[in-house]
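# Topology and contacts: notes
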Amino acid sequence: FQFPWGNSHPSAGWRQNTPSPFRYVERNYNVIVDQRDAGAGNLVAINPTTGQPYDVVQVYQPPVTSVLPAAAFVGPDGTAQHPFGSILAAQQAGGDLIIVQNGSVITQSVTLSPGQHLLAQGNYADTVPVAGGGSVTIPGAVVGAAHNASTQRPIFENLTGTAVTLASNSEVAGFVVSGTTLGGIVANNANNISIHDMTFLSTGGDAIHLTNSTGNVDLHNIQITGANGNGIVLDGGNANITYDGTGTSITSIGDGFVLSNLTGGVVGINNLTAKGTGGAGLRLSSVGTDVTVTSYTAKQTTGPAVAISGNTGQIQTINNVPTNVYNTYTFAGNTTITSPNGAGFTTNGTDAIINVASLNVTSTSGAPAVSLVNNPSNAITFGNLVLNTNGGKGLYAAGIQALIVKGGTITAANAPAVDIGSSAVKATFTSISANGGPFGIGLTQSTGVFTILGGNTYGSGGTIQNTTAGLLINSFGTTNVNWVNFANNGVGVQSAKSSQLSLASVQIGGSTN
């Protein structure tokens, strides 16, 4: 203990106005702070591509049959009241943020320069990048021309060639495209592009075709109802690709959505719907990067609803050890395939890691609901698999390094419910039913474990009936069948060279052999 008095104490010489480290602290609760309010107004948005302020100009190109007062085009200066008469005129005037007013009918192809933004009048959200990073928002209802009260969206109509060719850091949004002899929108070797709020009624080629893209590619709110080629194609490049199709769909003579020959970047596809495509709904061909598809719906596709092919694995040195590195394709959310005219979900000759959270296929075509062929490198995993078929196989797999099914049901008519060969399997189902066909379940020349759980009542594991062989096993690992009924088959259960076969609470009746 120390007592703060006495001539020998260090505080003995302290006086009232002298600070002392040995005295208790006196606190003043009136704290003075520095308060400042900084604000800025009338800032100039600088185009990061040109380094100059955005030059905002407006265009009104009337239909050929339209008759407007001559005063409407007196001294066009790109303002709302005196718009330019064509997009080309706006470009020649230096416009890099070009707004096309409602009622415009464009009959010439447009080629954008780097950093140009071509926007149709409309109430959709849009932003443009500014120098130094970030972006600024453009008001949705952005024009109100005195001479033009039309509410019809601007349209590219009946033109020769392609509607719009994009350049790096360019954007097109808000238009209708109808009647091009070639494609709708194209870009080659472009960096950072955006296409959104577009409607394609008819194109002579692909609605959108982007080749060797880099940077960021943003695609959202795109409705395609008639493309004589493919819907959307992204071929080559290493761009970070984002697609959001909420509330829209793709219908085309060719494939709906195509990813091919990508070498990098990250791909995120959200809320994709393919309807009545002449080819595949979604095609992934030699995609050398990770892909995530969240919520995909396909209806009445002529080709496979999903078609995955191409080897993209590479040998990379990791910790001085050569290592095979593979890409992962993830189907998150629900993948729903209804009434395909061909196969449902297919893979053929791919080395990708494929993860499917939930797949539901309803099909009356003669093709398999799920067809998996030749992936000797990596696993294909289904979290939940629900298949209903008539005339086509439910699940077909051949040459798969690891087929994993964590749960689900299969119901098939006039074709096998399951046909697995030359694969490694770890599959668990609640029930499997088949009515007609050469066999109900076939497991041949494969390894692993195949299990039907059932639900503690006879038939809850499914019913296999009117087949030549209900359960056909030849050189397989372990098979566990619970609560399954076999009725009126040539042979109920036929097994040869099986490591283990367990039949529990199974009923077999009406077999002829």
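Model, not experiment: these values are computed from the prediction.

### Concerning the layout of surface pockets
- Reported here for the largest pocket is a volume of approximately 350 Å³.
- Taken together, 22 residues make up the lining of the largest pocket; nearest its centre are His117, Pro129, Asn192, Ile193 and Ser194.
- For the lining of the largest pocket, the secondary-structure elements that each account for two or more residues are strand E6 (126-129), strand E10 (170-173), strand E13 (191-203) and strand E14 (208-227).
- Per-class residue counts for the lining of the largest pocket are five nonpolar, 14 polar and three charged.

### Things to note about unusual backbone geometry
- Phi is positive for Asn158, which is not a glycine, with a value near 50 degrees.
- Within the secondary structure layout, Asn158 lies in strand E8 (residues 155-159).
- Of the residues examined, Asn158 reaches a relative accessible area of 61% and is grouped as exposed.
- If you check the backbone angles, Ser295 has positive phi at about 65 degrees while not being a glycine.
- Relative to the helices and strands, Ser295 is located in strand E21 (residues 291-299).

### Focus: the pattern of salt bridges
- Tallied over the full model, the rule gives two salt bridges.
- Two residues, Arg283 and Asp255, come together in a salt bridge whose shortest N-O distance is 2.7 Å. On the criterion of sequence distance, the pair formed by Arg283 in strand E20 (residues 282-285) and Asp255 in the loop between strand E17 (250-252) and strand E18 (257-260) is long-range, its members being 28 residues apart.
- Residue Asp419 is joined to Lys393 by a salt bridge in which the shortest nitrogen-to-oxygen separation is 2.6 Å. Of this pair, Asp419 sits in strand E31 (residues 418-421) while Lys393 sits in the loop between strand E28 (370-390) and strand E29 (395-405), and the two are 26 residues apart along the sequence.
- A relative accessible area of 14% means that Asp419 is categorised as buried.
- On the basis of relative accessibility, which here comes to 25%, the residue Lys393 falls in the partly exposed class.

### Notes on the environment of Tyr326
- Along the chain, Tyr326 falls in the loop between strand E24 (321-325) and strand E25 (328-338).
- Given a relative accessible area of 24%, Tyr326 falls into the partly exposed group.
- Residues within four places of Tyr326 in sequence aside, it is in contact with Gly313, Asp351, Ile353, Ser377 and Asn378.

### Points about the pairing of E29
- When E28 meets E29, the two strands line up parallel, connected through nine bridges. Directly across from Asn375, in E29, lies its bridge partner Ile400.
- Examined bridge by bridge, E29 and strand E32 (residues 424-429) share three bridges and lie parallel to one another. Looking across to E32, one finds that Ile404 is bridged to Lys426.

### Considerations on the confidence of the model for the protein
- Taken residue by residue, the protein gives an average pLDDT of 89. The fraction at 70 or more is 88%.
- The low-confidence segment residues 27-41, where pLDDT is below 50, has zero contacts with residues more than four positions distant or belonging to other chains.
- This model gives residues 143-147 a pLDDT under 50, and the stretch forms 15 contacts once residues within four places in sequence are excluded.

Conventions adopted
- Residues numbered from 1 in each chain as written.
- Predicted model: local features only at pLDDT ≥ 70, side-chain atom pairs only at ≥ 80, totals over all residues.
- Heavy atoms only, no water.
- 1 Å grid on protein atoms, 1.4 Å probe; cavity = no way out; pocket = protein on both sides within 12 Å on 5 of 7 lines; lining within 4 Å.
- Points joined across faces, edges and corners; volume = space filled by probe spheres on them.
- Helix = DSSP H or I, 4+ residues; strand = E, 2+ residues; numbered from the N terminus.
- Nonpolar A, V, L, I, M, F, W, Y, C, P; charged D, E, K, R; others polar.
- Buried < 20%, exposed > 50% of the residue type's maximum accessible area, 1.4 Å probe, protein only.
- Salt bridge = Lys/Arg side-chain N within 4 Å of Asp/Glu carboxyl O.
- Contact = heavy atoms within 4.5 Å.
- Pairing = 2+ DSSP bridges.
- pLDDT = per-residue confidence, 0-100.

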